[in-house]
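A structural walkthrough
Given next are the chains, with one letter for each unit.
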Amino acid sequence: QVQLVESGGGLVQPGGSLKLSCAASGLIFRIYGMGWYRQAPGKQRELVALINSSGTTNYADAVKGRFTISRDNAKNMAYLQMDSLKPEDTAVYYCNAYAGARRQFDFWGQGTQVTVSS
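Quick summary incoming for the structure in this document. Just so we're clear, the structure is a prediction, and the values are computed from it rather than from any experiment.

**Describing the pairing of strand β7 (residues 67-72)**
Residue alternation in β7 divides its side chains into a buried set, Phe67, Ile69 and Arg71, and an unburied set, Thr68, Ser70 and Asp72. When β7 meets strand β8 (residues 77-82), the two strands line up antiparallel, connected through 6 bridges. Of the residues in β8, the one forming a bridge with Ser70 is Tyr79. A loop of 4 residues connects β7 with β8, the two strands running antiparallel in sequence, and Asn76 in this loop sits at a positive phi of about 55°.

**Describing the side chain of Asn96**
If you trace the backbone, Asn96 turns up in strand β9 (residues 91-99). Of the polar contacts made by the side chain of Asn96, one reaches the side chain of Asp106; its length is 2.8 Å. In this view, Asn96 contacts Leu4, Gly33, Met34, Gly35, Tyr37, Arg103, Asp106, Phe107 and Trp108; residues no more than four positions away in its chain are not counted.

**Some details on the pattern of salt bridges**
Under the definition given, this model contains 5 salt bridges. A salt bridge links Asp89 to Arg38, with the nearest nitrogen and oxygen atoms 2.9 Å apart. One end of the pair, Asp89, is in the loop between β8 and β9; the other, Arg38, is in strand β4 (residues 33-39), with 51 residues separating them in the sequence. One exposure class covers both Asp89 and Arg38, and it is buried. Linking Arg66 and Asp89 is a salt bridge whose minimum nitrogen-to-oxygen distance equals 2.8 Å. Pair noted here: Arg66 is in the loop between β6 (57-59) and β7 and Asp89 is in the loop between β8 and β9, with a separation of 23 residues, a long-range link. By relative accessible area, Arg66 is classed as buried at 10%.

**Details of the side chain of Arg71**
Relative to the helices and strands, Arg71 is located in strand β7. Within the structure, the side chain of Arg71 is placed 3.1 Å from the backbone oxygen of Asn52, a separation counted as a polar contact. A distance of 2.9 Å separates polar atoms of two side chains, one belonging to Arg71 and the other to Asn73. In contact with Arg71, other than residues within four places in its own chain, are Phe29, Arg30, Tyr32, Gly33, Met34, Ile51, Asn52, Ser53, Met77 and Ala78.

**Details of the packing of aromatic side chains**
Under the counting rule described, the total for this entry stands at 2 aromatic pairs. A cation over a ring is seen here: Arg45 above Trp108, with NZ or CZ 4.7 Å from the ring centre. The positively charged end of Arg103 is found above the aromatic ring belonging to Tyr98, 4.3 Å away from the centroid.

**Brief notes about the environment of Ala91**
Among the structural elements, Ala91 can be located in strand β9. Taking the relative accessible area as the measure of exposure, Ala91 reaches 2% and is therefore buried. Taking the C-alpha atoms as reference points, Ala91 and Thr115, separated by 24 residues in sequence, lie 6.6 Å from one another. Once residues within four sequence positions are removed from consideration, Ala91 is found in contact with Arg38, Gln39, Ala40, Thr112, Gln113 and Val114.

Parameters and conventions
Residues numbered from 1 in each chain as written. Predicted model: local features only at pLDDT ≥ 70, side-chain atom pairs only at ≥ 80, totals over all residues. Heavy atoms only, no water. Buried < 20%, exposed > 50% of the residue type's maximum accessible area, 1.4 Å probe, protein only. Helix = DSSP H or I, 4+ residues; strand = E, 2+ residues; numbered from the N terminus. Pairing = 2+ DSSP bridges. Polar contact = N/O pair within 3.5 Å; in protein donor to acceptor, adjacent residues only side chain to side chain. Contact = heavy atoms within 4.5 Å. Salt bridge = Lys/Arg side-chain N within 4 Å of Asp/Glu carboxyl O. Phe/Tyr/Trp six-rings, centres within 6.5 Å; stacked < 30°, edge-to-face > 60°. Lys NZ or Arg CZ within 6 Å of the ring centre and 35° of its normal.

Here is the structure:
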């Protein structure tokens, strides 16, 4: 059974930093691409960042230069370092694992709340 468990969310002031972690189990982690998505109240879930099995990364324009996605295949972990946080970054952040040409294998975590407010 595949499980993705996020941690590291919380309340932070504007300009602050947080690091989200995603612990994966039940899958061959190294062959999966990993992603972070977020959903703010009243909005659709949106992509934040991706890192494929080779380590290539992609970011949404809104977070480029502020967020960094990484992975540790030895620990079955994915991370999202978030710096220079803004109130508009407030959302529930979800970890995603995907594999297959058509993303036939697609798994989600339960989400972690990030609130940026003074």
